[in-house]
Amino acid sequence: DYITRVNGTSGSAKELGEMLCAKSQTQVTIHRPSTYAVHVSKGEGMTLNHTARGKTLYIAGLSGGLLQELREQAPEIGQGHRILSVSGKDLSCRDMIKELKGSNLKIDMLSAPVV
């Protein structure tokens with residue numbers, strides 16, 4: 001789960017943490033991420049980022065036929081969401097990128113708040 005607002009105000013994780021510590025009573029808004037399984041013919045058309053030790057791929061952009069396929073299955077998926085696995089396999093980020101070059105893929109995605 002993600003805290004997205006404190007006392008009606010959004011901000012970076014650091015800013016939200018400071019707001020939580022500043023007052024004895026606060027109101028928080030929590031966003032529960034959703035997961036989606038989508039099936040695509042090819043994984044081409046994604047701009048992805050990841051860290052060396054990361055477990056997920058960050059979707060920095062979508063284009064072409066892939067964007068259309070995703071919009072038909074899960075219109076809420078887009079930039080800022082994450083790929084958890086490809087074809088049901090628990091892979092490193094580098095291996096997920098290699099797997100996305102195949103065809104007839106099942107991609108498990110996480111919809112998290114974009115900050």
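Residues numbered from 1 in each chain as written. Predicted model: local features only at pLDDT ≥ 70, side-chain atom pairs only at ≥ 80, totals over all residues. Heavy atoms only, no water.

Caption draft 1: View of the overall build of the protein. Scanning the protein from N- to C-terminus turns up 3 helices and 7 strands. With the C-alpha coordinates aligned to their principal axes, the bounding extent of the protein is approximately 55 × 30 × 20 Å. Classification of the 115 residues of the protein by burial places 27% in the buried group. Considering only intrachain contacts with a sequence separation of at least 6, the fraction spanning at least 24 residues in the protein is 58%. Side-chain charges of the protein comprise 14 positive and 11 negative groups, with the mean position of each set lying 6 Å from the other. (Helix = DSSP H or I, 4+ residues; strand = E, 2+ residues; numbered from the N terminus. Buried < 20%, exposed > 50% of the residue type's maximum accessible area, 1.4 Å probe, protein only. Contact = heavy atoms within 4.5 Å. Lys, Arg positive; Asp, Glu negative; His and termini not counted. Charge placed at Lys NZ, Arg CZ, Asp CG, Glu CD.)

Caption draft 2: Fine view of the side chain of Ser85. The topology assignment puts Ser85 in strand 6 (residues 82–86). A distance of 2.6 Å separates the side chain of Ser85 from the side chain of Asp108, its partner in a polar contact. Contact partners of Ser85, with chain neighbours within four places excluded, come to Met96, Lys106, Ile107 and Asp108. (Polar contact = N/O pair within 3.5 Å; in protein donor to acceptor, adjacent residues only side chain to side chain.)

Caption draft 3: Structural context of a nonpolar patch on the surface. A contiguous nonpolar patch, built from Ile3, Leu20, Val28 and Ile30 and spanning about 300 Å² of accessible area, is present on the exposed surface. Judged by relative accessible area, Ile3 falls into the partly exposed class, the value being 38%. (Patch = residues over 30% accessible without salt bridge, like charges linked within 9 Å, V, L, I, M, F, W, Y side chains within 5 Å. Areas by Shrake-Rupley, 256 points an atom, 1.4 Å probe, with all protein chains shown as cover. Salt bridge = Lys/Arg side-chain N within 4 Å of Asp/Glu carboxyl O.)

Caption draft 4: Geometry of the pattern of salt bridges. This model, assessed by the stated rule, comprises 4 salt bridges. Across the salt bridge formed by Arg32 and Asp1, the nearest N and O atoms sit 2.8 Å from each other. Linking Arg32 in the loop between strand 2 (28–31) and strand 3 (34–42) with Asp1 in the segment before strand 1 (2–6), this pair joins segments that are 31 residues apart in sequence. Residues Arg32 and Asp1 agree in their burial class; the two are exposed.

Caption draft 5: Focus on the nonpolar core. Membership of the largest hydrophobic core comes to 18 residues, with the highest contact counts inside it found for Met46, Leu70, Ile83, Leu100, Ile107 and Met109. At the level of elements, strand 3, strand 5 (57–62), helix 2 (64–73), strand 6, helix 3 (93–99) and strand 7 (103–111) are the ones that each hand at least two residues to this core. Sequence-distant contacts of Ile107, that is, excluding residues within four places in its chain, are made with Tyr36, Ala37, Val38, Val40, Met46, Ile83, Ser85 and Leu100. (Core = buried A, V, L, I, M, F, W, Y, C linked by side-chain atoms within 4.5 Å.)

Caption draft 6: Spotlight on unusual backbone geometry. Phi is positive for Asn7, which is not a glycine, with a value near 50°. As for its placement among the helices and strands, Asn7 is situated in the loop between strand 1 and helix 1 (13–22). Phi at Ser87 is positive, roughly 55°, even though this residue is not glycine. Mapped onto the elements of the fold, Ser87 is located in the loop between strand 6 and helix 3.

Caption draft 7: The arrangement of the sheet that holds strand 4 (residues 46–49) in detail. Reading across the sheet, the 5 strands line up as 3-7-6-5-4 and stay open at both edges, with antiparallel pairing between neighbours. Each edge of the open sheet carries a strand with a single partner, namely strand 3 and strand 4. Averaged over all neighbouring strand pairs, the angle between strand axes comes to 40°, with direction disregarded. The pairing of strand 3 with strand 7 spans 8 bridges and is classified as antiparallel. By the bridge assignment for strand 7, Val40 is matched with Leu105. Packed on one face of the sheet, helix 2 meets strand 3, strand 4, strand 5 and strand 7 and runs near 135° to strand 3. (Pairing = 2+ DSSP bridges. Axes fitted to C-alpha atoms, helices over the stretch in contact; angles between N-to-C directions.)

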